Amino acid sequence: MTTLRIATRKSPLALWQSEHVADRLRQAHPGLEVVLVPMSTRGDEILDRSLAAIGGKGLFLKELELAMLRGEADCAVHSLKDVPMELEAPFALPAILTRADPADAFVSNTYETLDALPQGAVVGTSSLRRQAQLRGLRPDLQLRDLRGNVNTRLAKLDAGDYDAIILACAGLERLELGARIRSRLLPPQWLPAPAQAAVAVECRAGDEAVMALVAALDDAGTRSCVEAERAMNRALDGSCHVPVAGLAQWRGDDLWLQGMVGGVADGRSVRAEAQGPASDPEALGRDVARQLLAGGAAELLR
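Residues numbered from 1 in each chain as written. Predicted model: local features only at pLDDT ≥ 70, side-chain atom pairs only at ≥ 80, totals over all residues. Heavy atoms only, no water.

Caption draft 1: Just the overall build of the protein chain, in detail. Looking only at helices and strands, the protein chain has ten helices and 13 strands in total. Taking 2.2 N^0.38 as the reference for a compact globule, 302 residues should give roughly 19 Å; the C-alpha atoms of the protein chain span a radius of gyration of 19 Å, in line with that estimate. In terms of overall dimensions, the protein chain has a C-alpha envelope of 60 × 45 × 35 Å along the principal axes. Within the protein chain, the proportion of its 302 residues that are buried is 53%. By element, 50% of the accessible surface of the protein chain is carried by carbon and sulfur atoms, the whole surface being about 12,700 Å². (Helix = DSSP H or I, 4+ residues; strand = E, 2+ residues; numbered from the N terminus. Rg over C-alpha atoms; globule rule 2.2 N^0.38 Å. Buried < 20%, exposed > 50% of the residue type's maximum accessible area, 1.4 Å probe, protein only. Areas by Shrake-Rupley, 256 points an atom, 1.4 Å probe, with all protein chains shown as cover.)

Caption draft 2: Molecular detail of the sheet that holds strand S13 (residues 269–277). Read from one edge to the other, the open sheet built from three strands follows the order S11-S12-S13, with strand pairing classed as antiparallel. The open sheet is flanked by strand S11 (244–251) and S13, the only strands paired with a single partner. Taking each pair of neighbouring strands and ignoring which way they run, the sheet shows an average axis angle of 15 degrees. For S11 and strand S12 (residues 254–262), the ladder comprises eight bridges, and the chain directions are antiparallel. Of the residues in S12, the one forming a bridge with Arg-251 is Asp-254. (Pairing = 2+ DSSP bridges. Axes fitted to C-alpha atoms, helices over the stretch in contact; angles between N-to-C directions.)

Caption draft 3: Local environment of the side chain of Asp-104. Its location among the elements puts Asp-104 in strand S5 (residues 104–107). Side chain to side chain, Asp-104 and Arg-130 meet in a polar contact 2.7 Å long. (Polar contact = N/O pair within 3.5 Å; in protein donor to acceptor, adjacent residues only side chain to side chain.)

Caption draft 4: Structural detail: the nonpolar core. Ranked by internal contacts, the top residues of the largest apolar core, which has 21 residues, are Met-232, Leu-236, Val-244, Leu-257, Val-261, Val-288 and Leu-292. Put simply, the parts of the chain that give this core at least two residues each are helix H9 (220–235), S11, S12, S13 and helix H10 (281–301). Take this core: its biggest share by element is seven residues, from H10. In this structure Val-288 touches Met-232, Leu-257, Gly-259, Ala-272, Glu-273 and Ala-274, once residues within four positions along its chain are discounted. (Core = buried A, V, L, I, M, F, W, Y, C linked by side-chain atoms within 4.5 Å. Contact = heavy atoms within 4.5 Å.)

Caption draft 5: Here's a closer look at the sheet that holds strand S8 (residues 164–168). Strand order in the open sheet formed by five strands is S7-S6-S8-S5-S9, with mixed pairing between adjacent strands. Here the strands that pair on one side only, and so sit at the sheet edges, are strand S7 (142–144) and strand S9 (183–185). Geometrically, the sheet is characterised by an average inter-axis angle of 30 degrees between neighbouring strands, direction not taken into account. The sheet contact formed by S5 and S9 spans three bridges and is antiparallel. The residue bridging Phe-106 from the neighbouring strand is Ser-183, located in S9. Across the sheet, helix H5 (residues 128–137) is in contact with S5, strand S6 (122–124), S7 and S8; its angle to S8 comes to roughly 130 degrees. Strands in contact with helix H6 (residues 150–158) are S5 and S8; relative to S8, the strand with the most contacts, it is inclined by about 165 degrees.

Caption draft 6: Examining the packing of aromatic side chains more closely. The full count for this structure, using the stated rule, is zero aromatic pairs. The ring centre of Trp-256 lies 3.8 Å from the NZ or CZ of Arg-251, which sits over that ring. (Phe/Tyr/Trp six-rings, centres within 6.5 Å; stacked < 30°, edge-to-face > 60°. Lys NZ or Arg CZ within 6 Å of the ring centre and 35° of its normal.)

Caption draft 7: View of the environment of Gln-275. Summarising the element assignment, Gln-275 is placed in strand S13. Counting along the chain gives 25 residues from Gln-275 to Trp-250, while the straight-line C-alpha distance between them is 9.3 Å. The contacts of Gln-275, once residues within four sequence positions are left out, are Arg-251, Asp-254, Leu-255, Trp-256 and Leu-284. A polar atom in the side chain of Gln-275 sits 3.1 Å from the side chain of Arg-251. At 3.4 Å, the side chain of Gln-275 and the side chain of Asp-254 are in polar contact.

Worth remembering: the numbers are spatial, not functional.
Have a look at this one:
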């Protein structure tokens with residue numbers, strides 16, 4: 001195979017991620033030509049409603065998967081947190097790249113931290129997970145929806161529509177906007193989305209030549225962590241319709257997984273954690289999900 005075609009969304013962050021994968025592939029396979037096939041998805045086009053209302057994050061994948069099925073692209077690059085817990089046939093994820101900083105960023109032009117916001121301040125985010133954690137920590141805040149790519153969201157903050165917004169640290173840093181991060185929202189008080197800051201490559205499971213090329217980029221340590229987080233989310237039947245957060249980290253040879261299910265209406269949350277062998281991240285994820293459900297998460301998920 002001499003040319004590899006990568007289907008990608010057109011947002012600046014998606015293009016950065018796809019160019020990053022392309023560069024890594026060129027380094028791993030000298031002589032391989034890698035080209036991007038930029039596409040628009042429904043998730044990018046419908047910005048006046050929340051993702052939960054229009055069908056979830058899978059909307060970012062569908063057009064790219066169809067391009068692969070039509071033979072217009074060989075693989076696609078995604079933010080793994082946007083990839084549904086169960087991939088539809090005939091697709092696979094042969095590579096999950098080394099994860100960047102998974103934390104969420106507090107971004108404001110006036111205030112240094114979430115605690116520094118005045119009573120009743122306006123904070124922008126459309127993420128139910130972020131809304132639930134904000135409600136739990138600062139029930140006095142006014143939470144307003146915020147969709148669009150990173151630059152669009154920052155422009156709305158700069159226009160004075162919000163006192164602060166919550167974004168992913170990794171996205172800001174990849175776009176060389178790390179200076180906009182006023183503070184990081186960190187565990188245990190604040191947890192990111194499962195698989196946040198991890199980039200994945202998707203291709204057709206039967207396409208062995210492409211699978212072999214792409215597999216060179218896989219990071220086993222990152223894969224173990226995100227598989228635990230995604231297993232927890234899957235066991236909770238989580239999607240962008242429900243506020244589920246989780247972060248797995250290495251502790252020696254083991255994985256340590258923290259999970260949370262939150263209530264958007266009142267900020268109530270159920271939290272759980274467990275440690276287990278990295279050889280079975282699925283079992284660790286299911287264990288934390290069981291604890292969450294036993295602690296009352298089912299009521300919040302309804």
